[in-house]
Amino acid sequence: MDKQQQQLSFAKCSRQQRCSEWMFHDVRSDIAIEVNGGSFPLHKFPLVSRCGRMRKLVAENRGSDICRIELLNLPGGAESFELAAKFCYCINFEITSANVAQLLCVSDYLEMTEEFSSNNLGSRTEEYLESIVCKNLEMCVAVLQQCENLLPFADELKIVGRCIDGIVSKACVEQIASSFSRLEYSSSGRLQMNRQAKCEGDWWIEDLSDLRIDLYERVITAMKCRGVRPESIGESLMNYAQKELTKKSGFWNSSNQPNLITEFSGHERLVVESIISLLPVEKQVIPITFLFGLLRKSVMLDCTVACRLDLERRIGSQLDVATLDDLLIPSFCHASDTLFDVDTVHRILVKFSQQDDSDDDIEDGSLFGSDSLGSPSQTSLVKVSKLVDNYLAEIAPDANLEVTKFIAIAKSLPSDARTAHDGLYRSIDVYLKAHQGLSDTDKQQLCRLIDFQKLSQEAGSHAAQNERLPLQSMVQVLYIEQLRLRNALSNSDPDHINGGAFSAAMSPRDNYASLRRENRELKLELTRLRMRLNDLEKEQVCMKKNMEKSESNNFISSFSKKLGRLNFFGSSSSRGSSSPSQNSQRMDTRVIERTVPSAV
């Protein structure tokens, strides 16, 4: 506080010294004007001859020899009044973009109009603003910066609106000129736009980054309404965010001033929310890495839910171009023990899967569009499925990651998104290795996500020997590997080779139906195999009892006959047997886990 008082007293002394330099020394002052604690000893006549407000105030204090008038809420403070007083004393000074906003506001406050004096301060500053400032973009930006401390007076006088209109008009003219410079003739002689050429009409982007966020938001909104290129607006938003959201290091260094840190966090939150509201609706105008950066900031600063949902929707519409580093959003929530924000990624994946071209904010097919109506294209699905599998493998070692959240991420994509399940199997194996205390039920739920028929030969061989998998899954892998072996052996026959070529030429739907039929036949064969093994076990028990009563030769003869009746891979007997009932099939699954591995 002592430093502030010293600065104020120094400012008063400097103003009084400057004032004494240009006021009349041979005439005693008869009026004292007080502005923001500072006093100006002046004379009534120069003031009342040009200022309507001063004329009224002096008339109200006519009885006193020396009038003391305090001007409350004078825009621009003592600095602005000093310029106005100089004008009343006919002291020459230059009107520039740095003081024109102050002069306009103070001239309106003091009523320095043509009614009281010709060629008064109000008309002269108005002429300078219209004829010079509004025709120059840099000067308009400079005036807007001055208006930051003159609100709401600058808004009431339409200074802000006129400067914004000047900026937007100049940007549109530059855009048109840049577009003409990018026109060229094609090989067929037609004019076309060269999209490879660098756009030179966006030099104003750096100038706008000096504005305060509220005025910057008004400028960008006006540009969007006037049709400025979305690419230019997006580049300006990224430049502004880069400049405003990287100032925090200096504030964190002053750890003894927590109020400054809190204030700057509020400023950052306002900047992030404003930028999100200004993002163009066109798809892929803004790089997805920048969108993820905004999302991390919005989560960290606890921005509004609407802002975060808007970002998640935008990211979900172009998730196929994202990388693994983009998805690894740290968990800033104290209530969560996980390292990464899994819930946010899950919502993004749901938005991606539920893309719909009929959204209200989509005005044409090029905005947030997809190859097929209401759903992402198959190419995008494949890309995102690989991305999700890598993401699951990255978050799987987290000891605090619940199995329900892991399953929710894995199931957020449609069932046909994954053409191969090697990545999903790898991520589940990592999760099982990091969470060895999982129950059998949880393990089975995880393994149900895997289509073992879509595993490569290498992954299938690994799964068949993976002791972390439930026994039922291991048996399923063994049977699929056995089926592949049988198909490989059968395809070695020339007749089967031709049949395989015909099968490859079939449509994907017919091929899938054929695989399902083969799968059902394999299950029936396994069921019959179980029944034969059960019979063998019963007969083995009977034979053990007979061994105590009969001779060894009879036992060997009987055992040989039973083995002759057992046929593990016979085709004639299996095809001729009848299909078991549904009840027996349910019982088969449990018995196969116990009997079939030894048979294989």
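Residues numbered from 1 in each chain as written. Predicted model: local features only at pLDDT ≥ 70, side-chain atom pairs only at ≥ 80, totals over all residues. Heavy atoms only, no water.

The name recorded for the protein in an unreviewed UniProt entry is BTB/POZ domain-containing protein, from Heracleum sosnowskyi. Looking at the protein in UniProt, the text filed under Sequence similarities (unreviewed entry) is "Belongs to the NPH3 family." Recorded in UniProt for the protein, the comment headed Pathway (unreviewed entry) runs: "Protein modification; protein ubiquitination." (UniProt positions renumbered as here; feature names shortened; annotations may be inferred.)

So, about the overall build of the protein. For the protein, the helix and strand inventory stands at 29 helices and five strands. Classification of the 600 residues of the protein by burial places 41% in the buried group. A sequence separation of at least 24 residues applies to 68% of the contacts in the protein between residues at least 6 apart. With the model as given, the accessible surface of the protein reaches about 33,700 Å², and the carbon-plus-sulfur share is 50%. (Helix = DSSP H or I, 4+ residues; strand = E, 2+ residues; numbered from the N terminus. Buried < 20%, exposed > 50% of the residue type's maximum accessible area, 1.4 Å probe, protein only. Contact = heavy atoms within 4.5 Å. Areas by Shrake-Rupley, 256 points an atom, 1.4 Å probe, with all protein chains shown as cover.)

Now for the nonpolar core. Counting residues in each nonpolar core, the largest one holds 136 residues, and the members touching the most others are Ile 33, Leu 71, Leu 110 and Met 223. Considering every element that reaches this core, the biggest residue donor is helix H9 (residues 159-181), with eight residues. Among residues more than four places away in sequence, those in contact with Met 223 are Ile 167, Val 168, Ala 171, Trp 204, Leu 208, Val 228 and Ile 233. In this structure, Val 475, Tyr 479, Leu 483 and Leu 522 belong to the second largest nonpolar core, which totals five residues. (Core = buried A, V, L, I, M, F, W, Y, C linked by side-chain atoms within 4.5 Å.)

So, on to the packing of helix H4 (residues 77-88) against helix H5 (residues 100-109). Look at H4 against H5: their axes get within 9 Å of each other, and the N-to-C directions meet at 75 degrees. Between H4 and H5, the angle falls in the class roughly perpendicular. Only Gln 102, Leu 103 and Val 106 of H5 make contact with H4, whose side of the interface consists of Glu 79, Ser 80, Phe 81, Leu 83 and Ala 84. Classifying every residue of the contact of H4 with H5 by side-chain character gives five nonpolar, two polar and one charged. (Axes fitted to C-alpha atoms, helices over the stretch in contact; angles between N-to-C directions. Parallel < 35°, antiparallel > 145°, perpendicular 65-115°, else oblique. Nonpolar A, V, L, I, M, F, W, Y, C, P; charged D, E, K, R; others polar.)

For the rest of this paragraph, the subject is the packing of aromatic side chains. Overall, the coordinates contain three aromatic pairs when judged by the stated rule. Plain terms: the ring middles of Tyr 216 and Tyr 240 are 4.1 Å apart, the flat faces sit at 10 degrees to each other, and that makes the pair stacked. With Tyr 216 in helix H11 (residues 213-226) and Tyr 240 in helix H12 (residues 230-244), the pair connects residues that are 24 residues apart, well separated along the chain. Summarising the burial analysis for this pair, Tyr 216 and Tyr 240 share the class buried. Of note, Arg 53 hangs over the ring of Tyr 109, and the distance from its end group to the ring centre comes to 4.1 Å. (Phe/Tyr/Trp six-rings, centres within 6.5 Å; stacked < 30°, edge-to-face > 60°. Lys NZ or Arg CZ within 6 Å of the ring centre and 35° of its normal.)

Whenever strands of a sheet pair, they do so through backbone hydrogen bonds, lying parallel or antiparallel. Spatially, the three strands line up as an open sheet ordered E2-E1-E3, and their pairing is mixed. Edge positions in the sheet fall to strand E2 (38-42) and strand E3 (67-70), since each of these pairs with one other strand and no more. For this sheet the average axis-to-axis angle between neighbouring strands, irrespective of direction, equals 20 degrees. In terms of strand pairing, strand E1 (residues 31-35) meets E3 through four bridges, oriented parallel. Residue pairing for E3: Ala 32 is matched across the bridge by Arg 68. (Pairing = 2+ DSSP bridges.)

What follows deals with unusual backbone geometry. Following Leu 151, the chain continues into Pro 152 via a peptide bond in cis, with omega recorded as 5 degrees. By secondary structure assignment, the location of Pro 152 is in the loop between helix H7 (137-147) and helix H8 (153-156). Within the chain, Glu 111 stands out as a residue other than glycine whose phi angle is a positive 60 degrees. Relative to the elements of secondary structure, Glu 111 occurs in the loop between H5 and helix H6 (121-131). With a phi angle near 65 degrees, Lys 158 is a residue other than glycine that sits in the positive phi range. Position of Lys 158 among the secondary structure elements: in the loop between H8 and H9.

Scanning the model with the defined rule gives 15 salt bridges in all. Residues Glu 130 and Arg 162 are paired through a salt bridge, measuring 2.8 Å at the closest nitrogen-oxygen approach. Here Glu 130 is found in helix H6, whereas its partner Arg 162 is found in helix H9, with 32 residues between them in sequence. Judged by its relative accessible area of 38%, Glu 130 falls in the partly exposed class. Each of Glu 126, Glu 130 and Arg 162 takes part in one network of salt bridges that share partners. (Salt bridge = Lys/Arg side-chain N within 4 Å of Asp/Glu carboxyl O.)

Here we take up the state of the cysteines. This structure, assessed with the given rule, holds zero disulfides. Not engaged in a disulfide, the cysteine Cys 51 finds its nearest cysteine sulfur in Cys 88; these two sulfurs lie 3.6 Å apart. (Disulfide = S-S within 2.5 Å.)

Here we take up helix H18 (residues 342-353). Over its twelve residues, H18 runs 17 Å from end to end, which matches the ideal 16 Å to within 8%, given 1.5 Å per residue. Three or more residues of H18 are buried, namely Val 342, Thr 344, Val 345, Ile 348, Leu 349, Phe 352 and Ser 353. Next to the buried residues of H18 lie helix H15 (288-300), helix H16 (305-317), helix H17 (324-327), helix H19 (378-395) and helix H20 (403-410). (Expected span 1.5 Å × (residues − 1).)

Residue placement: Gly 166 occurs in helix H9. What makes Gly 166 buried here is its relative accessible area of 6%. Separated by 36 residues in the primary sequence, Gly 166 and Glu 130 place their C-alpha atoms 9.5 Å from one another. Non-local contacts of Gly 166, meaning those with residues more than four positions away in its chain, are made with Cys 134 and Cys 140.

A few words now on H11. Side chains three or four residues apart in an α-helix point the same way, a direct result of the helix having 3.6 residues per turn. Helix length check: H11, at 14 residues, gives a terminal C-alpha distance of 20 Å against a target of 20 Å (1.5 Å per residue), a fit within 8%. Every buried residue of H11 is accounted for by Ile 213, Leu 215, Tyr 216, Val 219, Ile 220 and Met 223. One side of H11 holds all its buried residues, which, seen down the axis, span an arc of 160 degrees. Backbone geometry just downstream of H11 places Gly 227 in the positive-phi region, at approximately 90 degrees. (Arc of directions from axis to C-beta.)

On to the side chain of Asp 341. On the secondary structure map, Asp 341 appears in the loop between H17 and H18. Of the side chains with opposite charge, Arg 347 comes closest to the buried, unpaired Asp 341, at an N-O distance of 5.4 Å. Those residues in contact with Asp 341 that lie beyond four places of it in its chain are Val 299, Ile 329, Pro 330, Ser 331 and Tyr 391. (Lys, Arg positive; Asp, Glu negative; His and termini not counted.)

Before going further, it helps to examine the packing of H5 against H6. To describe two helices that pack against each other, one gives the angle between their axes and the distance between the axes. Between H5 and H6, the shortest axis-to-axis distance is 9 Å and the interhelical angle comes to 145 degrees. As for how H5 packs across H6, the hand of that crossing is left-handed. Across from Val 100, Leu 103, Leu 104, Val 106 and Ser 107 in H5, the residues of H6 making contact are Leu 121, Gly 122, Thr 125, Glu 126, Tyr 128 and Leu 129. When grouped by side-chain class, the residues that make up the contact of H5 with H6 number seven nonpolar, three polar and one charged. (Left-handed = near helix turned anticlockwise from the far one by under 90°.)

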